[in-house]
Amino acid sequence: IASGHDQSLAIMFGGATSSEYLPLLPVLIADGNHRNVSSFNDVWAWNLRFQEWSQVKMQGGSFPAAREAHTVTACEEGVVVFGGLDLAAYNGTRSSLREHGDLWVADLRSAPSSWRQVAIDSSESPSAVSFHSAVMQGNTLLVYGGINFLESGGYRLSD
């Protein structure tokens, strides 16, 4: 969740639900347990003044994939979404785990709102990561830590 550009909205993107109790997700993935998980890629706004949720309608043909364990960070245009993973297709095998290293910006300044994917030079970007932290400093997104299950075997990163 990130604060919207006008500071009266809290913006939420994606996430997951399960019909079963989910223990700590890194443990779930490392153990290979599969649960009934549904992942989402929708955008919702919580109006702080009126205390109500509303779904933000997004236009255009490109949308970020459904995910959880990602970051949503406020920026001048709206919010930035980075990283995460999608457990909906996870069946206990590493090859079925979808990790994301992509970067998306949701422009929420006008209706209808729209997404754009930011091209990243892979030699100068973090690997696909989840359970990380991120903050905007001016026009720079600072990303710290997290877990990369496919490259690091599920070990915590401190870069």
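For every chain, the first residue of its written sequence is number 1, and the numbers climb from 1 along that sequence. For this predicted model, a pLDDT threshold of at least 70 governs which residues receive local features, and a threshold of 80 or more governs which side-chain atom pairs are given and counted, while totals over whole chains, interfaces and linings are taken from all residues. Side-chain descriptors were evaluated using all non-hydrogen atoms of the structure, hydrogens and water having been removed beforehand.

In this section: the side chain of Asn-148. By the element assignment, Asn-148 lies in the loop between β13 (140-144) and α2 (149-152). Partly exposed residues are those whose accessible area sits between 20% and 50% of the maximum for their type, while under 20% is buried and over 50% is exposed, using a 1.4 Å probe and protein chains only. Classification of Asn-148 as buried rests on a relative accessible area of 2%. Pairs of N or O atoms are called polar contacts if they sit within 3.5 Å, as long as, within protein, a hydrogen donor faces a hydrogen acceptor (for residues adjacent in sequence, only side-chain-to-side-chain pairs). Here the side chain of Asn-148 touches Ala-128 through a polar contact of 2.3 Å, landing on its backbone oxygen. Under the DSSP-based scheme used, a helix requires at least four consecutive residues in state H or I and a strand at least two consecutive residues in state E, with every element numbered from the N terminus.

Attention now goes to the sheet that holds strand β10 (residues 103-107). Strands qualify as paired when DSSP identifies two bridges or more between them. Reading across the sheet, the 5 strands line up as β5-β11-β10-β7-β6 and stay open at both edges, with mixed pairing between neighbours. Lying at the two open borders of the sheet, with one neighbouring strand each, are β5 (58-59) and β6 (71-74). When β5 meets strand β11 (residues 113-118), the two strands line up parallel, connected through 2 bridges. Across the sheet, Met-58 pairs through a bridge with Ser-113, a residue of β11.

In this section: the pattern of salt bridges. Any Lys or Arg side-chain nitrogen located within 4 Å of an Asp or Glu carboxyl oxygen qualifies as a salt bridge. Counted by the stated rule, this structure contains 4 salt bridges. In this structure, Arg-116 and Glu-77 form a salt bridge, with 2.8 Å as the shortest nitrogen-oxygen distance. Linking Arg-116 in strand β11 with Glu-77 in the loop between β6 and β7 (78-82), this pair joins segments that are 39 residues apart in sequence. Relative accessible area serves as the criterion here: at 40%, Arg-116 is assigned to the partly exposed category. The salt bridge partner of Asp-86 is Arg-98, with a shortest N-O separation of 2.9 Å. Highlighted residues: Asp-86 in strand β8 (residues 85-86) and Arg-98 in strand β9 (residues 98-99), separated in sequence by 12 residues. Overall, the relative accessible area of 6% leaves Asp-86 in the buried class.

So, about the packing of aromatic side chains. Note on aromatic pairs: the rings of Phe, Tyr and Trp (six-membered ring only in Trp) are paired at centre separations within 6.5 Å, and the planes decide the class, stacked below 30 degrees, edge-to-face beyond 60, tilted for the rest. Enumeration over the complete set of coordinates arrives at 3 aromatic pairs. With centroids separated by 5.3 Å and ring planes inclined at 55°, the aromatic side chains of Trp-46 and Trp-53 adopt a geometry described as tilted. According to the relative accessible area criterion, Trp-53 is partly exposed, its value standing at 43%. Geometrically, the ring pair formed by Trp-104 and Trp-115 is edge-to-face, given 6.3 Å between the ring centres and 90° between the ring planes. Taken together, the residues span a long stretch of sequence, with Trp-104 in strand β10 and Trp-115 in strand β11 at a distance of 11 residues. Note on accessibility: Trp-104 and Trp-115 belong to one class, buried. Within the aromatic cluster, the residues linked to one another by ring pairs are Phe-13, Trp-104 and Trp-115.

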